[in-house]
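So the chains spell out like this:
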Amino acid sequence: MNEEQFQRGIDEFNRGCFFECHDTLEDLWHETRGADRLFLQGLIQVSVGFYHLLNRNYKGATSQFTRGLNKLEQYSPAHRGIELEGFMKSVVSWLALAERGLIGEQAEIDETKIPKLKILSLKESNTWQQ
Amino acid sequence: MATMITEECINCGACEPECPNTAIYANGAQWEMNGETHDAISADFYYIVPEKCTECVGHFDQEQCAAVCPVDCCVPDPNHVESEELLFNRAKQLHPSKEFAALSPATSRFQKSA
């Protein structure tokens, strides 16, 4: 996997550039086969979920969060140096918000609370792998 | 046609060039068939023209739009279930100058599951 492209996608996600993140990781996803393919797709779908949520497309957000979480689950607690366990817990709470939006309960969206993809240090990565 | 694009579409356009029948159009774009132009079916998302979709029967073993869509928004339309025969006949009508071999697992998803 092209690490530079992957890191760029992570950076775009963390800057709240969810469409750009999806674009970057999509290019990578098209070229990737094997174990990382579903991982990338899971990240793309979570990113798209946030894109939809910020556009108040609750149906799109709900579906994408659900699909993304289902894919990322198998990679938890971490994969490719990215912490997933805490990230996914946070996404689950955003999924709940999107589901409430579907039934008309439109909550304030505090974008500062959107989780970041945390890059684990080597030591932390080794701890996860034990 | 039994493939549709849902509102999860992010308008990235990955699907459009993959369609062998040019059945996919961008949101708001007019669509064309047999020299006639028609109003866009969707103003918000990419859309698939029902009259031009063959679920890739005759061309590939799976819907190419679905294969390249990272958000899985090209999905079977439960309200338009069409038979392999109907889809194959449509493919022949859409490509009158193309010679289609008998369907095989390489050119029809129906054959794969048979």
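The model shown is predicted, which means the values in this text are computed figures rather than measured ones.

About the criteria used
- Per chain, the residues get numbers from 1 upward, laid out in the order the sequence is written.
- Chains and ligands are labelled sequentially in the order written, the chains with letters from A and the ligands with numbers from 1.
- Residues qualify for local features only when their pLDDT is at least 70, as the model is predicted, and side-chain atom pairs are given and counted only at 80 or more; totals for whole chains, interfaces and linings, by contrast, use all residues.
- Note that the side-chain values use all heavy atoms of the structure and ignore hydrogens as well as water.
- By definition, residues are in contact when any of their heavy atoms lie within 4.5 Å.
- By buried area we mean how much accessible surface two parts lose on assembly, using a 1.4 Å probe and totalling the loss over both.
- Within this document, salt bridges are pairs made up of a side-chain nitrogen of Lys or Arg and a carboxyl oxygen of Asp or Glu, the two lying within 4 Å of each other.
- Strands are runs of DSSP state E lasting at least two residues, helices are runs of H or I lasting at least four, and both sets are numbered from the N terminus onward.
- All residues other than Ala, Val, Leu, Ile, Met, Phe, Trp, Tyr, Cys, Pro, Asp, Glu, Lys and Arg, Gly among them, are scored as polar; the first ten of these are nonpolar and the last four charged.
- Note on definitions: angles span 0 to 180 degrees between N-to-C directions of axes, and those axes are lines fitted to C-alpha atoms, for helices only across the stretch in contact.
- The handedness criterion is simple: a crossing whose near helix is rotated anticlockwise from the far helix by less than a right angle is left-handed, and one whose near helix is rotated clockwise is right-handed.
- Note that patches include only residues with greater than 30% relative accessible area and no salt bridge, and the join distances are 9 Å for like charges and 5 Å for nonpolar side chains (Val, Leu, Ile, Met, Phe, Trp, Tyr).
- Here the open area of atoms and residues is found with the Shrake-Rupley method and a 1.4 Å probe, where only the protein chains shown may cover a residue.
- Counted as positive: Lys and Arg. Counted as negative: Asp and Glu. His and the chain ends are not counted at all.
- All charge positions are set by atom: Lys at NZ, Arg at CZ, Asp at CG, Glu at CD.

1. Considering the interface of chain A and chain B
So, point 1. Facing 19 residues of chain A, the contacting portion of chain B comprises 13 residues.
So, point 2. A combined buried area of about 1,200 Å² lies between chain A and chain B, and 54% of that area is made up of carbon and sulfur atoms.
So, point 3. If you look at where chain A meets chain B, you find four salt bridges.
So, point 4. Between R67 of chain A and D72 of chain B there is a salt bridge, with its nearest N and O atoms 3.9 Å apart.
So, point 5. Put simply, the parts of the chain that give the side of chain A that touches chain B at least two residues each are α2 (18–31), α3 (35–54) and α4 (58–72) of chain A.
So, point 6. For the side of chain A that touches chain B, the leading source of residues is α3 of chain A, giving seven residues.
So, point 7. When grouped by side-chain class, the residues that make up the side of chain A that touches chain B number five nonpolar, nine polar and five charged.

2. Description of the packing of α3 of chain A against helix α5 (residues 85–102) of chain A
Packed helices, taken two at a time, are described by their axes: the angle between them and the distance between them.
All names here are of chain A.
So, point 1. At a minimum axis distance of 11 Å, the contact between α3 and α5 shows a crossing angle of 35°. Like other packed secondary-structure pairs, α3 and α5 cross with a definite hand, here left-handed. Of the residues in α5, those in contact with V46, F50 and L53 of α3 are F87, V91, W94, L97 and A98.
So, point 2. For the contact of α3 with α5, the per-class residue count stands at eight nonpolar, no polar and no charged.

3. A few points about a negative patch on the surface
So, point 1. Where like charges cluster on the molecular surface, the negative patch consists of E20, D23, D27 and E31 of chain A.
So, point 2. Its place among the elements puts E31 of chain A in helix α2.

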